[in-house]
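# Structural description and commentary
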Amino acid sequence: MSDQPVGEAAESFSVSRDEASAAFFDGTGGGALMIRNCSVCHLYLAPHITTCQQGHELQWVRSKGIGSPVSWAIDHGPAIDPRLADPQSGHSVFGIVQIEEGPWMQVPLLETNEASLRTGARWRVAFVRLGEGEQIVVFVPGGVHCRRDGLANSAG
Amino acid sequence: VSRRQWARLNPTAQHKDPLTLADHQKSRYIVEPLRLLDCCGLSNGAVAVVLTTHDRSADLPSTPVFPWGISQAHTGYDWDVRSNFGLRTGAAVAGPKAMRMAGVTPADIDVLELYDCYTYTCLVQLEDYGFCERGEAGELAASGALAPGGTVPTSTGGGQLSGYCLWGMTPLAEAISQLRSEGGERQAARHDVALVSGNGGVLDFHASLILGRKPHE
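Source: prediction; values computed, not measured.

How each quantity is defined
Residues numbered from 1 in each chain as written. Chains lettered and ligands numbered in written order. Predicted model: local features only at pLDDT ≥ 70, side-chain atom pairs only at ≥ 80, totals over all residues. Heavy atoms only, no water. Helix = DSSP H or I, 4+ residues; strand = E, 2+ residues; numbered from the N terminus. Rg over C-alpha atoms; globule rule 2.2 N^0.38 Å. Buried < 20%, exposed > 50% of the residue type's maximum accessible area, 1.4 Å probe, protein only. Pairing = 2+ DSSP bridges. Contact = heavy atoms within 4.5 Å. Phe/Tyr/Trp six-rings, centres within 6.5 Å; stacked < 30°, edge-to-face > 60°.

## Some points on the overall build of chain B
For chain B, the count of helices and strands is eight helices and six strands. Counted from the first residue to the last, chain B has its helices and strands arranged as α-α-β-β-α-β-α-β-α-α-α-α-β-β. At 17 Å, chain B has a C-alpha radius of gyration in line with the 17 Å of a compact globule built from 217 residues. Looking at the 217 residues of chain B, the share that counts as buried comes to 48%.

## Comments concerning the pairing of strand S5 (residues 193–200) of chain B
Residues and elements named next belong to chain B. With eight of its eight residues buried, S5 lies for the most part within the structure. Side-chain alternation along S5 places Val-193, Leu-195, Ser-197 and Asn-199 on one buried face and Ala-194, Val-196, Gly-198 and Gly-200 on a second face that is also buried. The pairing of strand S4 (residues 111–113) with S5 spans three bridges and is parallel. The partner of Leu-112 across the bridge, within S5, is Leu-195.

## Section: the environment of Val137(A)
Residues and elements named next belong to chain A. Following the sequence through the fold, Val-137 ends up in strand S8 (residues 135–145). Owing to a relative accessible area of 7%, Val-137 belongs among the buried residues under this scheme. Put simply, Val-137 and Val-125 are twelve residues apart on the chain and 6.7 Å apart in space, counted from C-alpha to C-alpha. Among residues more than four places away in sequence, those in contact with Val-137 are Phe-24, Thr-28, Leu-33, Met-105, Val-107, Pro-108, Val-125, Ala-126 and Phe-127.

## Quick notes on the packing of aromatic side chains
Inspection of every chain in the model, using the stated rule, returns five aromatic pairs over all chains. Measuring from centroid to centroid gives 6.4 Å for Phe24(A) and Trp60(A), while their planes differ by 40 degrees, and the two rings are tilted. Here Phe24(A), found in helix H1 (residues 22–29), pairs with Trp60(A), found in strand S3 (residues 59–62); they are 36 residues apart in sequence, far enough to count as distant. Relative to Trp79(B), the ring of Trp104(A) lies with its centre 5.5 Å away and its plane at 70 degrees, an arrangement referred to as edge-to-face. Highlighted residues: Trp104(A) in strand S6 (residues 104–109) and Trp79(B) in the loop between strand S3 (66–73) and helix H4 (91–102), drawn from two different chains.

Below is the structure:
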């Protein structure tokens, strides 16, 4: 996993933390993708999930930061930030990535190419700081094939 | 393409130029895979709907239509491998409930007025409401069933994609016109029962309404 930002600051768009997202952005600031975990149900959950379906308290845990695209779309309009756009086409790719622990993440996909933009491909987390705001999570191609049977939603 | 065929019969429609699948394929991408012609436009306009009792409606100058069934579903989605996001919407829950209340099935629906903000949202609703099997909506649309003269007259004013985009009022107003026999050239042959749908959020919220030309027995 890369702990280094892959982009420089942009002034046009930034992301700010609030009380609910503080722990998440503490993580991204330190180069970690933080997700939720229910230690009773043995479930990992996406960062924006605040309650276990059974009502158990959730903890923040660090993800391995490895995943595979489930679905994606290519925005042909003006990029919200040039750091999120392909330098050649100017298009921005946004996708749903299933991380190895099980949850889905809606994230920008950077450095995309024909070989990497497919289900089953292995991607890894990276971070981009937009403007003066928080570092956000992006995913970049990880290079080797991802084992689909390794994608589980259980901590056990 | 089916909606454009309907819109060409609707004097109040915004987009009436002939449209082919080739025209669609030539239109530019907005967010790939959705092209310009997969997306509804924006309209300036207004629709007013008066709700009153059956008794009072008898004295009004306009022909009343009657609610037979209504339901809403705000289903939420798992955000992991168990998710049906994009594959199944609240229509799959609200639709059967509204139809049960009305005592009808998809086979009894004469006109289908869908909330068609994108071509895709029409397709997923056709499957959710049970007008075809899962994964077969594209084939149903390609068969011409949704177009004038088809077996499932859908978005008969051209919908939001070709008619006009007044959000949930677009399908509701068209359903009322059809049930009142005020459709003019686009009047569906059978128009006793209409299904109206409404979507909100990113497929987060859904409402279904069954309207009848006569009071519900």
